[in-house]
Every structure is written in structure tokens, then in C-alpha cells.
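# Structure assessment
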Amino acid sequence: MTTKKYETVLIEKQDGITWLIMNRPDKRNAMSPQLHLDMDDALDELSGDPETQVLVLTGAGEAFCAGQDIKLYFRGGDADPKRARGKASRASNQWRWQRLSTFPEPTIAMINGYCFGGGFTQVCACDLAVAADEAVFGLSEVNWGILPGGIVSWNVAQTLNMRDGMYYALTGDTFDGKKAKEIGFVNFSYPKATLKEETIKLAKKLMEKSPPCCATPRKRCARCAS
Ligand code: ACO
């Protein structure tokens, strides 16, 4: 199957693993409307792709994802709020939650660096998550006087325990990959130098064990119930 090319998303395939990479490294992979549209299309294309046995979501360069692009996502649709902003917002929710959480093969979020605000949603949507010890997580919204918006609050409430979720949403304090492992936000944390190698080992284990259909319990419910 030919791999489509995107302006803000990279797709690399090797040995059954598909690396889906948010690719705006100069902007720390902050999510622009274009990135949302590209990701939405890329996940649609990859769903059912025979070469994809495990999907790994990560970020190019130093960051996993610096959250929504404050300028382009929040202000870029000002001139056309109904159409442009609505389209970006629908794509944003669709790829980060619906498409990822029901992706037919197992998914791993590999958090290689900064992960802020809206970037938490795609971590929660993946079946498993591994982080670099050096990664920096933050629900920074409170610094602008708001609680995490969109579906982030719901994602955090589902994934973190209540005390940790409230603490990080109310203070905006950052935490690293080791802390993310300790509070159960990720499965494992490794030194950044070995993160990719460890992620590949995990992906290979999933390939050996997971059945080809209804790959995880969450998907079994979502897909077979219909
Ligand atoms: N939106 C738009 N642009 C961003 C964002 C963002 N969320 N994050 C980083 N950028 C841009 C910067 O403006 C800068 O652009 P420029 O080079 O054109 O000036 C570039 O990315 C690099 O950013 P720096 O701050 O210089 O990079 P550094 O490595 O020092 O810091 C960090 C990275 C910690 C991620 C910092 O950029 C940051 O705090 N970003 C904001 C993170 C955040 O609060 N996100 C939540 C957004 S709200 C939401 O998601 C709901």
C-alpha cells in the first residue's frame, strides 16, 4: 500500500510497526488546523492497512506535542468561525479521540518530550503509553485562568486518579516521565536514549500476542457492540 504524504504528519513503516509522527518540530508539534486535518486523514487511511500491525504515535524533534497551536488553532479561525474553526475543531476531536481510541490495531503513545494541554488527549486515546524519563507533561491551561477544555478534562479524569488529576489541572505543575509512570499515566518510562528501542520491543510483544481482530478490550466493546 502506498503511503500518503502530508504537510504536518510523517508516516514511517517498518516490520509491522507504523510510526505516526506529529511533524511540526519547530513549533514543538503544536497542533494547527492543518495538523488536525492531516492526522484525521492519515488515521482513516491507516485503519485497515495490512502493513500496520501496531501503531506508534510520537512527535518529531524534541517534543511529543505542545498542545493546541495557540495562534493558529484558537485565533486562526476568527475570520470564519463557523466553517474554518468548526472544521478544525471537529477534526481535532475526531483524530485524537474517536479514530485513535477505536483504531483496529493496538496503539502506543511514545512520549518523547514535551506534552502539554490538548496533547494529553491522544496519550489517553492510545491503548498503551511509554515516556522518556526526561519528558515534561503539563496541564498549563490554568496559567490562563481556565481548566483544561475540550475533552482533556474528561480524558484526565478517566486516566488519572482523582487527586492527581485535580492537582495537576488546578496547579499547572509539570511532571516528568518517571512521575507519569508512578501515577499510572503511562505504562513505562525509560531514558530517552533507549525509548525507541524499548517501544519496538513492546510493539513486537503485542504483535506476537494480539489477535488480528478486536485487538484490545476497549475496541472489542466499541466495534463488536455495533
Ligand atoms: N502554540 C503555538 N506555538 C507554540 C506552542 C503552542 N502551544 N508551543 C510552542 N510553540 C512555538 C513557539 O511560539 C516557538 O515559535 P517561534 O520559534 O516561531 O517563536 C516555537 O514553538 C518553539 O517554542 P519555544 O518556547 O522557543 O521552545 P522551548 O523548547 O524553549 O519550550 C515548550 C517548549 C515548553 C513546549 C514551550 O514552547 C511552551 O511552554 N509552549 C506552550 C505549551 C502549552 O502551554 N500548551 C498548551 C496550549 S493550550 C491547549 O492545548 C488547550
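Quick summary incoming for the structure in this document. (Residues numbered from 1 in each chain as written. Predicted model: local features only at pLDDT ≥ 70, side-chain atom pairs only at ≥ 80, totals over all residues. Heavy atoms only, no water.)

Here D133 lies in the loop between strand 7 (128-132) and strand 8 (136-138). One buried charged side chain, D133, makes no salt bridge at all; its nearest oppositely charged neighbour is K178, positioned 4.5 Å away. Here D133 is in contact with D176, G177, K178, S189, Y190 and P191, once residues within four sequence places are set aside. (Helix = DSSP H or I, 4+ residues; strand = E, 2+ residues; numbered from the N terminus. Buried < 20%, exposed > 50% of the residue type's maximum accessible area, 1.4 Å probe, protein only. Lys, Arg positive; Asp, Glu negative; His and termini not counted. Salt bridge = Lys/Arg side-chain N within 4 Å of Asp/Glu carboxyl O. Contact = heavy atoms within 4.5 Å.)

Glancing now at the pairing of strand 1 (residues 9-14). In this sheet, strand 2 (residues 17-22) lies alongside strand 1 in antiparallel orientation, the contact comprising six bridges. Considered in strand 2, the bridge of V9 is made with M22. A loop of two residues connects strand 1 with strand 2, the two strands running antiparallel in sequence, and D15 in this loop sits at a positive phi of about 50°. (Pairing = 2+ DSSP bridges.)

Turning to the site of the ligand, a few remarks are in order. Looking at the ligand, there are 17 residues lining it, with K27, A66, Q68, I70 and S140 nearest. In this structure, a nitrogen atom belonging to the ligand sits 2.9 Å away from a main-chain N or O atom of I70. Contact distances for the ligand include 2.5 Å between an oxygen atom and a side-chain N or O atom of S140. In the complex, the protein chains occlude 61% of the 930 Å² of accessible area that the ligand would expose alone. Class assignment for the residues of the shell around the ligand results in seven nonpolar, five polar and five charged. (Near = heavy atom within 4 Å. Polar contact = N/O pair within 3.5 Å; in protein donor to acceptor, adjacent residues only side chain to side chain. Areas by Shrake-Rupley, 256 points an atom, 1.4 Å probe, with all protein chains shown as cover. Nonpolar A, V, L, I, M, F, W, Y, C, P; charged D, E, K, R; others polar.)

Moving on to the packing of aromatic side chains. One pass over the structure, following the stated rule, counts 12 aromatic pairs. Judged by centre distance (5.7 Å) and plane angle (85°), the rings of F137 and F185 are edge-to-face. In this pair, F137 sits in strand 8 while F185 sits in the loop between helix 6 (177-182) and strand 10 (188-190), placing the two residues 48 residues apart along the sequence. Across the pair, exposure class does not vary: F137 and F185 are buried alike. By way of ring pairs, the aromatic residues F120, F137, Y167, Y168, F175 and F185 are connected into one cluster. Geometry around W19 places K196 over its ring, the cationic atom sitting 4.8 Å from the centre. (Phe/Tyr/Trp six-rings, centres within 6.5 Å; stacked < 30°, edge-to-face > 60°. Lys NZ or Arg CZ within 6 Å of the ring centre and 35° of its normal.)

All right, on to the sheet that holds strand 1 then. Strand order in the open sheet made by the six strands is 1-2-3-5-7-10, with mixed pairing throughout. Because the sheet does not close on itself, it has two edges, and the strands there are strand 1 and strand 10. Each strand axis lies, on average, 20° off the axis of its neighbour in the sheet, ignoring direction. Both strand 2 and strand 3 (residues 54-59) contribute to a ladder of six bridges, which runs parallel. Considered in strand 3, the bridge of T18 is made with L55. Across the sheet, helix 1 (residues 33-46) is in contact with strand 1, strand 2 and strand 3; its angle to strand 2 comes to roughly 170°. (Axes fitted to C-alpha atoms, helices over the stretch in contact; angles between N-to-C directions.)

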